[in-house]
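Reading the structure
Chain by chain, the residues:
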Amino acid sequence: MADNVTPRVRVPREASAGDVVSIRTLISHPMESGQRRDGDGNVIPRSIINRFTCDFNGENVIDVTMEPSISTNPYFQFSAVVNETGTFNFTWYDDDGSVYEETADITVA
Amino acid sequence: MEMNRRQFVGTGVGAAAAITLLPGMASAALVDDAINAFTGGAEAGSDGITLIAPEIAENGNTVPIEVDAPGAEAIIVLAAGNPNPGVATFNFGPASGAQAASTRIRLAGEQDVIAIARMPDGTFRRAQQEVKVTIGGCGG
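Keep in mind that this is a model prediction, so the values were computed, not measured. Every chain begins its residue count from 1, and numbering advances along the sequence as written. The lettering of chains begins at A and the numbering of ligands begins at 1, in the order of writing. Reporting in this predicted model follows two pLDDT cut-offs: at least 70 for local features of residues, and 80 or more for side-chain atom pairs to be given and counted; totals over whole chains, interfaces and linings ignore these cut-offs and use all residues. Working from all heavy atoms in the structure, the side-chain values ignore hydrogens and water.

With that settled, the discussion passes to the nonpolar core. Within the largest apolar cluster, 55 residues are counted, with the highest numbers of intra-cluster contacts made by Phe52(A), Val61(A), Ile62(A), Phe78(A), Phe88(A), Phe90(A) and Phe90(B). Contacts are residue-level and defined by heavy atoms, with any inter-residue pair within 4.5 Å sufficient. Residues in contact with Val61(A), not counting those within four places in the same chain, are Cys54(A), Asp55(A), Phe56(A), Phe78(A), Ser79(A), Ala80(A), Phe88(A), Asn91(B), Phe92(B), Gly93(B), Ala95(B) and Ser96(B). Grouping buried Ala, Val, Leu, Ile, Met, Phe, Trp, Tyr and Cys residues that are joined through side-chain atoms within 4.5 Å yields what is termed a nonpolar core. Only protein chains enter the area calculation, which uses a 1.4 Å probe; residues under 20% of their type maximum are buried, those over 50% are exposed, and those in between are partly exposed.

Have a look at this one:
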């Protein structure tokens with residue numbers, strides 16, 4: 001079970017219709033790879049976020065399948081086309097079944 | 001650090017043994033399997049995809065990479081020298097602004113990072129870059 005999982009996103013507040021906006025996300029998570037051993041030499045079981053998605057007004061922007069080679073505190077930067085005012089929905093899926101969600105609004109003039 | 005010849009030779013042998021005995025490094029077969037699972041065995045061209053990774057990464061625990069394949073449906077990233085070569089698969093939806101993404105990855109040691117893009121017409125594009133790592137990731 002991962003503690004203190006905090007999603008953070010950065011999205012522009014405003015854009016013009018048809019703009020391509022840059023989005024940055026970071027979620028604090030230990031991303032235990034399943035390769036490390038504890039002090040007694042026992043393998044620490046894998047516990048990572050295995051999927052990340054971003055949707056804008058219900059339309060998919062990016063859907064990422066993640067494996068243990070993704071770093072601790074997974075970071076993603078990507079871009080989206082915005083044609084209208086709306087909301088970005090960000091979702092992270094943890095190996096342990098937890099789902100972390102975050103939203104960000106953007107106003108399109 | 002002062003070191004006499006005997007100590008130096010001993011360290012060298014130890015280091016060589018450690019390198020040969022690194023546990024769980026991916027075999028080439030694992031990498032090929034991962035590639036075939038994505039491409040279905042199709043040949044991949046090299047144009048139309050960009051993989052940006054540092055030539056030298058000081059810390060293998062967090063190596064910044066960037067992939068860019070204009071028009072691609074999906075891009076898979078593999079670390080050929082990790083115990084599990086899979087890194088991530090980026091699937092781009094209709095609202096994506098560019099078929100590009102940046103992230104940070106773990107590298108267990110010096111190895112090739114491979115990116116393969118699947119295009120809407122069913123063809124594939126491949127890019128590869130060798131990254132030297134000063135401190136390995138994966139907690140090895």
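Our next topic: the sheet that holds strand β2 (residues 50-52) of chain B. Strands qualify as paired when DSSP identifies two bridges or more between them. Under the DSSP-based scheme used, a helix requires at least four consecutive residues in state H or I and a strand at least two consecutive residues in state E, with every element numbered from the N terminus. Strands sit in the order β1(A)-β3(A)-β6(A)-β7(B)-β4(B)-β2(B) across an open sheet of six strands; the sheet is antiparallel. In the strand order of this sheet, the two ends are held by β1 (7-10) of chain A together with β2 of chain B, each with one partner. Across the sheet, the mean angle separating the axes of adjacent strands is 20 degrees when strand polarity is ignored. Every axis corresponds to a line fitted to the C-alpha atoms, with the helix fit spanning only the stretch in contact, and the corresponding angles, defined between N-to-C directions, vary from 0 to 180 degrees.

Listed by partner, the interface residues are 28 residues for chain A and 28 residues for chain B. Once two parts are brought into contact, the accessible area they lose, counted with a 1.4 Å probe and summed over both, makes up the buried area. Each partner contributes to the roughly 2,300 Å² buried at the junction of chain A and chain B, and carbon and sulfur atoms together form 48% of this total. It is Ser69(A), Ser71(A) and Tyr75(A) in chain A that bury the most area against chain B; as a group they hold 24% of the surface buried on that side. Throughout this description, the term salt bridge denotes a Lys or Arg side-chain nitrogen within 4 Å of a carboxyl oxygen of Asp or Glu. The interface formed by chain A and chain B includes zero salt bridges. Each polar contact in these results corresponds to two N or O atoms within 3.5 Å; when the atoms are within protein, one needs to be able to donate a hydrogen and the other to accept it, and residues that are neighboring in sequence are counted only if both atoms are side-chain atoms. At the junction of chain A and chain B, the tally comes to 21 residue pairs in polar contact (both at pLDDT 80 or more). When residues of the side of chain A that touches chain B are traced back to their parent elements, those giving at least two are β3 (19-27), β5 (59-66) and β6 (75-82) of chain A. As judged from the five bridges shared by β5(A) and strand β6 (residues 86-92) of chain B, these two strands associate in the antiparallel manner. Looking across to β6(B), one finds that Asp63(A) is bridged to Asn91(B).

Stacked, tilted and edge-to-face are the three classes assigned to paired rings of Phe, Tyr and Trp, where Trp is represented by its six-membered ring and a pair needs centres within 6.5 Å; plane angles under 30 degrees give stacked, over 60 edge-to-face, the rest tilted. Summed over the entire model, instances satisfying the criterion amount to eight aromatic pairs over all chains. Seen in terms of ring centroids, Phe52(A) and Phe76(A) are 5.4 Å apart; in terms of plane orientation they differ by 5 degrees. Their pairing is stacked. Residue Phe52(A) is found in strand β4 (residues 49-56), and its partner Phe76(A) is found in strand β6; the two are separated by 24 residues along the sequence. Measuring from ring centre to ring centre gives 6.2 Å for Phe88(A) and Phe90(A), while their planes differ by 25 degrees; the resulting arrangement is stacked. Taking relative accessible area as the criterion, Phe88(A) reaches 0% and is therefore assigned buried. Each residue in the set Phe52(A), Phe56(A), Phe76(A), Phe78(A), Phe88(A), Phe90(A), Trp92(A) and Phe90(B) is aromatic and connected to the rest through ring pairs, giving one cluster. Positioned above the aromatic ring of Tyr75(A) is the side chain of Arg104(B), whose terminal nitrogen or guanidinium carbon lies 4.2 Å from the ring centre. The rule is short: NZ of Lys or CZ of Arg within 6 Å of the ring centre and within 35 degrees of the ring normal puts a charge over the ring.

With that settled, the discussion passes to the pattern of salt bridges. Residues and elements named next belong to chain A. One pass over the structure, following the stated rule, counts four salt bridges over all chains. Taking the shortest distance from any N to any O, the salt bridge between Arg36 and Glu32 comes out at 2.7 Å. The closest approach of N and O atoms between Asp63 and Arg51, which form a salt bridge, is 2.8 Å. Taken together, the positions of Asp63 in strand β5 and Arg51 in strand β4 put the pair twelve residues apart, joining distant regions of the chain. Residue classification places Asp63 among the buried positions, given a relative accessible area of 16%.

Geometric values such as these leave the question of function open.
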